[in-house]
Amino acid sequence: IKHMTPLTYDELYRCCEELQQLSGAQLQAVIIHSPTRYYLDFRQPGYSRWLVIDLTPSRPFILSTSSTRPKPGNGKTPVFNFLQAHFKNQRLSHIEVAQKPNRTVRLVFRTAEIVFKCFAHGQQLVLKAEGKTTVVAETLLHTIILFLSFSLIVLPVVVSYNISGR
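About the criteria used
- Residues numbered from 1 in each chain as written.
- Predicted model: local features only at pLDDT ≥ 70, side-chain atom pairs only at ≥ 80, totals over all residues.
- Heavy atoms only, no water.
- Helix = DSSP H or I, 4+ residues; strand = E, 2+ residues; numbered from the N terminus.
- Buried < 20%, exposed > 50% of the residue type's maximum accessible area, 1.4 Å probe, protein only.
- Contact = heavy atoms within 4.5 Å.
- Areas by Shrake-Rupley, 256 points an atom, 1.4 Å probe, with all protein chains shown as cover.
- Pairing = 2+ DSSP bridges.
- Salt bridge = Lys/Arg side-chain N within 4 Å of Asp/Glu carboxyl O.

**Let's talk about the overall build of the protein chain**
A count of helical and extended segments in the protein chain gives three helices and ten strands. For the protein chain, with 166 residues in total, the buried portion stands at 42%. Within the protein chain, counting contacts between residues at least 6 apart in sequence, those at least 24 apart form 48% of the total. For the protein chain, the accessible surface area stands at approximately 9,200 Å², while carbon and sulfur atoms represent 55% of it.

As structure tokens, then:
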């Protein structure tokens, strides 16, 4: 995993075809290995897979593996708490990949969704559930985590307000 190059659209599409086997699986555990790497444990009767989402700026990727349980990182983050509160024990309905040239994967659950934008130096993880959204964008300098705990209807007013500098 350490020496991967950024995924091309075709590689991401093939990866998403493989991820389709997770449809109907239940998210059992969430592990945050580092601020840039998230492990999601999906299980079905007789079947277990880890979904790895990595936000490293030079090589963001998503993949599915059957390897053993990874070591958790230190502490709990807002992203970990959001995933635990809104995604744990939910079943994955389906997985979508955006049309070329976009490298965006959408994991749809019954009442929530994860959107992963897989662009080198433009990667983003968006978690949506119950009218709340958490956005994680790993930049070269630092990690930006925006926790928006209000309705998306309010969002344009806040963004407009912040842009105008008031």
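**Some words on the pairing of strand S6 (residues 104–109)**
Most of S6 is tucked away, with five of its six residues classed as buried. The sheet contact formed by strand S5 (residues 92–97) and S6 spans five bridges and is antiparallel. By the bridge assignment for S6, glutamate 96 is matched with arginine 106. Between S5 and S6, which pair antiparallel one after the other, the connecting turn spans six residues. When S6 meets strand S7 (residues 112–117), the two strands line up antiparallel, connected through five bridges. Bridge pairing links valine 108 to glutamate 113 in S7.

**What to know about unusual backbone geometry**
Positive phi, normally seen in glycine, also occurs at asparagine 89, with a value near 75°. Along the chain, asparagine 89 turns up in the loop between helix H2 (78–86) and S5. Even without being a glycine, glutamate 130 presents a positive backbone phi close to 50°. Looking at where glutamate 130 falls in the secondary structure, it is placed in the loop between strand S8 (124–129) and strand S9 (132–138).

**Observations concerning the pattern of salt bridges**
A side chain of one charge can pair with a side chain of the opposite charge when the charged atoms of the two come close. All told, the structure shown has seven salt bridges when counted by the stated rule. With a shortest N-O distance of 3.3 Å, glutamate 18 and arginine 49 are connected by a salt bridge. Here glutamate 18, found in helix H1 (residues 9–19), pairs with arginine 49, found in strand S3 (residues 47–54); they are 31 residues apart in sequence, far enough to count as distant. Arginine 59 is the partner of aspartate 54 in a salt bridge, and the nearest nitrogen-oxygen pair spans 3.9 Å. Here aspartate 54 and arginine 59 have matching classes, each one buried. Beyond isolated ion pairs, a larger network of salt bridges with shared partners links Glu96, Arg106, Glu113 and Lys128.

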